[in-house]
Amino acid sequence: MTLKLCLEFAVLLGALLMGARTGGVGLGLWGAVGLLVLVVGFGEPPGAIPGEVLIIVLTVIMAASSMEVAGGIDFLVHVAERIIRSNPKQVTIVAPLVTYAFTFASGTGHIVYPLLPVIYEVAHESGVRPERPMAIATIASQQAITASPVSAATAAMIGLLAPHHFGLPQILLICIPSTLLAVLLAAFAQLKVGKELADDPEYQRRLFAGDAQPPAGAEKKAKPAGLKKGAKLSTVVFFAGVFLIVLAGIFPSLRTVPGKSATPFVISMPMAIAIVMLAAAAIILTLAKAPAAEVPKSKTCQSGVTAIIGILGLAWLGDTFINANQETIIGSLSNMAKAAPWTFALGLFIASILLYSQAATARALMPLGLSLGIAPAALIGMFPAVNGYFFIPNYGTLIAAMQFDRSGTTRIGKYLLNHSFMLPGLITTAGGVGIGLLIARIFFH
């Protein structure tokens, strides 16, 4: 390992640490600072801008944001609340399945925020330790990102694997069953986590102090939501677009157009996703009569812009560093990758802890996996390893879950890492990778 490589790696690591410390768009902005140092300070040519990935993310965010402005997100939350409240005693199993399904369909884990107080109330009223469903439901909402056909992370994988003749159908075939089964494994493990409420000292302290109320013992019905007129219609249009994208991925003939020459032209999946999602956004705004001016102000759009900046800065920095030191990096890692390809998943997991973004992690490291000669199917199997955001409990959804749990059972332990999300996070991530690699080996060996 040369001194130059060590110094450039220090720049890369420093940019990641500063970005993680800043948070939000800071991840991408500090990635650009690191890129500037590599280009100006070390004379490295800048890597490729992940254009296709950014286009997919931007267009999906436009459709999802339009759905939010039309009231579609509120409608989905209302439906989820009814499902969770209809099975109060099984909330530890039902809640993560609901959050998984809604993230899978919408492409964003942020939909879990309004569901967290509902999960807490149902668990508490039923005498179930709230930590059990709260923790696994939060983890499940992120695991589904690596199986969703319209998430930014999946968009990154589609763009990277397209030249290798792997695409959305292969990603869905491997990642849907692997992540869903892993979530179920973790949910059943959560059934025995922690003491019952009557024996939990922190909960009893809060009861005595008046900071928590004893379980009411009665099930609440979902409150009627003041939904906008176009709410249901917007979700129908959005999911119709998602369904069309899945069909286009499975049947390339749907993406084939005559073209100017005698040879038919096949539209790439990134381009197809962009066309369908932008059209869906326009149809939603028109049919639901939603104000287009509100789209950039929506929470979904703001989160999407943050993701775009993060992907741009970090992926650009990662490409530049890897391309500049390709021979050294690949030469030192190729033997390990060939002997035990699964070890690359550990690198994905560690990187995701620092990057707090499944999409940025995939876009930054998956090209390295391809360069090391790891089979595309195996990389898809390792895809759930990018869900290491939970390891250090300062991610937004984790903090929200702890705040909404007024019983105090969902918490950070004395030693920081012994927190409520560690067990379900490790089970879902390790299980997702293990099952994913098994599926990849069976169907694509």
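Residues numbered from 1 in each chain as written. Predicted model: local features only at pLDDT ≥ 70, side-chain atom pairs only at ≥ 80, totals over all residues. Heavy atoms only, no water.

Some thoughts on helix H7 (residues 131–143)
With 13 residues, H7 extends 18 Å from end C-alpha to end C-alpha; this agrees with the ideal 18 Å at 1.5 Å per step. Counted residue by residue, H7 has 13 buried out of 13 residues, so it is predominantly covered. (Helix = DSSP H or I, 4+ residues; strand = E, 2+ residues; numbered from the N terminus. Expected span 1.5 Å × (residues − 1). Buried < 20%, exposed > 50% of the residue type's maximum accessible area, 1.4 Å probe, protein only.)

Here we look at a nonpolar patch on the surface
There is a patch of nonpolar side chains on the surface, built from Leu173, Leu438, Ile442 and Phe443 and spanning about 420 Å² of accessible area. For the nonpolar patch, the leading source of residues is helix H19 (residues 422–444), giving 3 residues. Within the element layout of this structure, Leu173 appears in helix H9 (residues 168–190). On the basis of relative accessible area, Leu173 is assigned to the partly exposed category, the value being 38%. (Patch = residues over 30% accessible without salt bridge, like charges linked within 9 Å, V, L, I, M, F, W, Y side chains within 5 Å. Areas by Shrake-Rupley, 256 points an atom, 1.4 Å probe, with all protein chains shown as cover. Salt bridge = Lys/Arg side-chain N within 4 Å of Asp/Glu carboxyl O.)

Concerning the pattern of salt bridges
Within this structure, the stated rule accounts for 12 salt bridges. A salt bridge links Glu202 to Arg205; the nearest nitrogen and oxygen atoms lie 2.9 Å apart. Taken together, the residues span about one helical turn, with Glu202 and Arg205 both in helix H10 (residues 201–209) at a distance of 3 residues. Here Arg206 ties to Glu202 by a salt bridge, and the two come within 2.9 Å at their closest N and O atoms. Residue Arg206 and its partner Glu202 are located together in helix H10, separated by 4 residues, close to a single helical turn. For Arg206, a relative accessible area of 23% corresponds to the partly exposed category. The partly exposed category is assigned to Glu202, whose relative accessible area is 22%. Within the structure, one salt-bridge network assembled from shared partners comprises Glu81, Arg85, Glu121 and Glu125.

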